[in-house]
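# Descriptive structure summary
Spelled out from the first residue to the last, the chains are:
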Amino acid sequence: MTASTTALAPEAVPGTRKRRGSDLFVKFNLLIVFLALCVVATLLAPEFLTTRNMANLLQQSSLTGIVAIGMTLVILTAGIDLSVGSTAAFGGMTVALLIDKDMNFVLAIAVSLAIGAFFGAVMGGLSAYLTLPAFMTTLAGLTAIRGLTYLLTNGEPAGGDIPEAFQLLGGGFLGYVPIVGIIFVAVTVIAALVLRGTTFGEYVYAVGSNKEAARLSGLPVRAVITAVFAISGALSALAGVLLTSRLTIGQPTAFNGLELDAIAAVVLGGTNLFGGRGGVFGTFIAVLLLSVLRNLCNLLGLGSFFQMVVTGVILVVALILNMVIEKRGARA
């Protein structure tokens, strides 16, 4: 038996290596596409790799990225949050108004994040405890919270006397790296550690995989769903705070359509829309990939309409690729 096994081993090695190479490609397909796109962008637009352009790209993508990280947690539980854009706008307006009323900007940020978390918890709670569809609950939140944002100042921008220390959060740089980009990376790393290294993270995946099985196993399904929506709300408010920091004024019309960009990044990043599979690092790469694509279109002088078409095509391709990967995993 030993001789027979030894004789088969050399023939098995090539197949094993080929299978491992295929598995690695499937696992890192988005990263490979991202790197390839960067190479293409460099060849088509030499100014793409300039320090200034790289810094601007990271700064512009970070706000969407922070919101997309929160959206990833929600979608991992098989939910959806359409209210993120409205919550972000409300958070930005709130921090501007509070600072304008002479509140310490650190406390103003904390209050804004708490309100964002409250909005998220309310919608998550309605979905979890009253079994209302998250799509409809957050769609109502999208409208209601945007209305509240306009009511704060009658639809007018807010703020004016913004401290310089607060302005650094959204508009400052550490060397050549935008501080908001560092915050984006930090949020991503913390979320990854929570998902992969804590009991709460295990609960998130379990709830997304099968809510009923998780409930029968004694997991706090409703509390987990409420918690991920609260986190999404807080991160959305954080994005609004950072935009106010960069613009030095709160804009009630900000972040229109943000929910679509965030969902697009999550789906492109490989997170299953039906929950239970995916992660924040895929979302992180997807946010950068979409930003590079738009940046390249701008550098080449292509219009926004063309960008919308390209983004839509990429999302369809991503959905097809994810479906293929899922079927491959099922056969394995």
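Look up: the structure comes first, before these words.
Here, residues in each chain are numbered from 1, in the same order as that chain's written sequence. Totals for whole chains, interfaces and linings use all residues, but because this is a predicted model, local features are given only for residues with pLDDT of at least 70 and pairs of side-chain atoms are given and counted only at 80 or more. Note: side-chain values were computed over all heavy atoms of the structure, leaving out hydrogens and water.

On the secondary structure map, Ser83 appears in the loop between helix H3 (51–76) and helix H4 (84–100). Exposure remark for Ser83: the relative accessible area of 1% places this residue in the buried category. Separated by 63 residues in the primary sequence, Ser83 and Arg146 place their C-alpha atoms 8.7 Å from one another. Should any heavy atoms of two residues lie within 4.5 Å, those residues are counted as being in contact. Every residue in contact with Ser83, bar those within four places of it in the chain, is listed here: Met123, Thr138, Gly141, Leu142 and Ile145. Numbering of helices and strands starts at the N terminus; helices are DSSP runs of H or I of at least 4 residues and strands are runs of E of at least 2. Relative accessibility under 20% of the residue-type maximum defines a buried residue, over 50% an exposed one, and the middle range a partly exposed one, all with a 1.4 Å probe and only protein chains included.

Proximity of charged atoms lets side chains of opposite charge pair with each other. Each salt bridge in this description consists of a side-chain nitrogen of Lys or Arg and a carboxyl oxygen of Asp or Glu lying within 4 Å of one another. Counting across every chain of the model gives two salt bridges. Of the charged contacts in the structure, one is a salt bridge between Arg215 and Glu212, with a shortest N-O distance of 2.5 Å. With a gap of three residues between them, Arg215 and Glu212 both fall in helix H10 (residues 211–216), about one helical turn apart. Linking Arg294 and Asp261 is a salt bridge whose minimum nitrogen-to-oxygen distance equals 3.3 Å. In this pair, Arg294 is assigned in helix H13 (residues 280–299) and Asp261 in helix H12 (residues 258–268), connecting sequence segments 33 residues apart.

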